[in-house]
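A structural walkthrough
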Amino acid sequence: MRGARGAGAESTKIESDMIGGRPVVGITQGDVNGIGYEVFLKAFSDARLLEMVVPVFYGLGRAAAYYRKLFGLQMPQFVRVAGAREASERGISLVDVGGDLRVEPGGASRESALSAIMALEASVRDWKQGFLDAIVTLPVNKNVMQGAGFAYPGQTEYFAAQSGGKDPLMMMVSDDLRVGLVTQHLSLSDVPGALTQARVEAKIAQLAQSLREDFGIDGPRIAVLGLNPHAGEGGALGVEELTLIEPAIAAANAKGMLVSGAYAADGFFGAGRWREFDGVLAMYHDQGLIPFKALSFDRGVNFSAGLPVVRTSPDHGTGFDIAGKGVASAQSFRSAVYLSIQVARARKRERELRENALSVGALETAKGLSTGRRRGEEEARGGAERGER
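The shown structure was predicted, so the numbers you read here are calculated from the model rather than taken from an experiment.

**Observations regarding the nonpolar core**
- If you look at the biggest cluster of nonpolar residues, it comprises 99 residues, and the most contacted ones within it are Ile27, Phe40, Phe44, Tyr58, Ile204, Val224 and Phe333.
- In terms of residue count, the dominant contributor to this core is helix α3 (residues 110-128) (8 residues).
- Met172, Val179, Leu225 and Trp274 belong to the second-largest nonpolar core, a separate cluster that totals 16 residues.

This is how it looks when you write it as structure tokens:
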């Protein structure tokens, strides 16, 4: 039975039994006037994707019909449902979030942002009730969203607040490259002040844990980038490497992690050193995302590690400049769906292993107590018999 996770953000771990072995994945529409509908419809026009996942789409039925007709796509059946509780085993379940807006490809508007917010809220409600295994978010425009009353820098921070998670690790993931960020959506001028040894240590630990639990990598090897040009050049170009980053690396290694650095970012990526590691930790947004997108564009996925909810998204934005033209690639979105399936299944296995270990431990404890009681009873009987003699 697919079960409830509780009504509040404090109820952090939710569990669905999946449907027919397929994860139930919520997909939020993003900005209706961007390329979100295009990449979603293109991906699911290949019905084989439905063999891997049970999709629940949070958006507008009329927008889906508009874009399907615009691009001439043959789609699996849409099944209208009130929520993921009613998710269909066949076709694409559609939760129509409503909203009074015109579909105008390429045109950002307050109304489209409000509709995107309603899709996010509906998906989170279903996740909290235990009916979703993961959520894939299509792109939104942060400026327009905040102008419509969205109180978060981005969708990552929204899911952190709603799931009870604290300070998630933003990761960019492709087949052969995983990059985590110490700071996320922060002005470059504010980055140095936001870096502390404790924060770098915490992000190394988050990355290591995610690589183990979400990606199944035992003993992950992690590279940490420096902040300054040439990783500070021994203090000549900045001291953060000496005072913050390298001490954090040493502390992580002392705890048994396999961490190297601090590396100068240009030489590290230019020489292909990233291939030697399971994960890379960058100090700020563009330091990590510029090389990642140069190496993995159209294949990359944004993954929010360290949250109770499994949340992924394509690594591109709303694409207003190409919206409605039929030229957007669906590969990054498709990869985001694949990763959500992978992580949902990995976490399910991790939970089962923990539960089995606890069950075995409890059984062994019970056996030990029972054996101890039997020995005590036997010794008591023996003592009584000796007393009678």
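**Description of the pattern of salt bridges**
- The final tally for this structure, using the stated rule, is 11 salt bridges.
- Close ionic contact of Glu38 with Lys42 constitutes a salt bridge, the shortest N to O distance being 2.7 Å. You can see Glu38 and its partner Lys42 sitting in helix α1 (residues 36-44), 4 residues apart, about one turn around the helix.
- Overall, Glu38 belongs to the buried group, its relative accessible area being 1%.
- The salt bridge involving Glu104 is made with Arg102; its shortest N-O contact spans 3.8 Å.
- Classification of Glu104 by relative accessible area gives partly exposed; the value is 37%.
- Linked by salt bridges that have partners in common, Asp167, Arg199 and Lys203 make up one network.

**Overview of the packing of aromatic side chains**
- Evaluation of the coordinates by the stated rule reveals 18 aromatic pairs.
- Aromatic side chains Phe40 and Phe44 sit 5.3 Å apart centroid to centroid with 50 degrees between the ring planes, which places their arrangement in the tilted category. Of this pair, Phe40 and Phe44 both sit in helix α1, 4 residues apart, which is roughly one turn of the helix.
- Judged by relative accessible area, which is 0%, Phe40 ranks as buried.
- On the basis of an interplanar angle of 80 degrees and a centroid distance of 6.2 Å, the ring pair of Phe40 and Phe333 is categorised as edge-to-face. Residue Phe40 is located in helix α1, and its partner Phe333 is located in helix α11 (residues 331-388); the two are separated by 293 residues in the primary sequence.
- Members of the aromatic cluster, each reached through a chain of ring pairs, are Tyr37, Phe40, Phe44, Phe57, Tyr66, Tyr67, Phe71, Phe78 and Phe333.

**Some points on the confidence of the model for the protein chain**
- Put simply, the protein chain has an average pLDDT of 89, and 87% of its residues get 70 or more.
- For the stretch residues 4-14, pLDDT sits under 50, and the model shows 34 contacts to residues farther than four places along the chain or on other chains.

**Observations concerning the pairing of strand β4 (residues 92-96)**
- Within β4, 4 of the 5 residues are buried, which leaves it mostly tucked inside the rest of the structure.
- Pairing geometry for strand β2 (residues 54-59) and β4, over 4 bridges, is parallel. From the neighbouring strand, Phe57 faces β4, where its bridge partner is Leu94.
- Pairing of strand β3 (residues 78-80) with β4, which is carried by 3 bridges, proceeds in the parallel orientation. Looking across to β4, one finds that Val79 is bridged to Ser93.

**Here's the deal with the pairing of strand β10 (residues 279-282)**
- Covered by surrounding structure in β10 are Gly279 and Leu281 together with Val280 and Ala282, the residues of both alternating faces.
- Across 3 bridges, strand β7 (residues 178-181) lies against β10 in parallel orientation. Bridge assignment links Leu181 to a residue of β10, and that residue is Ala282.
- As judged from the 3 bridges shared by strand β8 (residues 221-225) and β10, these two strands associate in the parallel manner. The residue of β10 that forms the bridge with Ile222 is Gly279.

**As for the sheet that holds β3**
- One open sheet holds the 12 strands; their spatial order is β3-β4-β2-β1-β5-β12-β11-β6-β7-β10-β8-β9, and the pairing between them is mixed. The open sheet has two free edges, formed respectively by β3 and β9 (258-263), since each of these has just one partner strand. Direction aside, neighbouring strands of the sheet carry axes that sit 25 degrees apart on average.

**What about the packing of helix α7 (residues 197-213) against helix α8 (residues 240-254)?**
- Contact geometry of α7 with α8 gives a least axis separation of 8 Å together with a crossing angle of 45 degrees. In this view, α7 runs oblique relative to α8, as classed from their interaxial angle. The two elements α7 and α8 meet at a crossing, and its hand is right-handed. Of the residues in α8, those in contact with Gln197, Val200, Glu201 and Ile204 of α7 are Thr243, Leu244, Pro247, Ala248, Ile249, Ala251 and Ala252.

Thresholds, definitions, all that
Residues numbered from 1 in each chain as written. Predicted model: local features only at pLDDT ≥ 70, side-chain atom pairs only at ≥ 80, totals over all residues. Heavy atoms only, no water. Core = buried A, V, L, I, M, F, W, Y, C linked by side-chain atoms within 4.5 Å. Buried < 20%, exposed > 50% of the residue type's maximum accessible area, 1.4 Å probe, protein only. Helix = DSSP H or I, 4+ residues; strand = E, 2+ residues; numbered from the N terminus. Salt bridge = Lys/Arg side-chain N within 4 Å of Asp/Glu carboxyl O. Phe/Tyr/Trp six-rings, centres within 6.5 Å; stacked < 30°, edge-to-face > 60°. pLDDT = per-residue confidence, 0-100. Contact = heavy atoms within 4.5 Å. Pairing = 2+ DSSP bridges. Axes fitted to C-alpha atoms, helices over the stretch in contact; angles between N-to-C directions. Parallel < 35°, antiparallel > 145°, perpendicular 65-115°, else oblique. Left-handed = near helix turned anticlockwise from the far one by under 90°.

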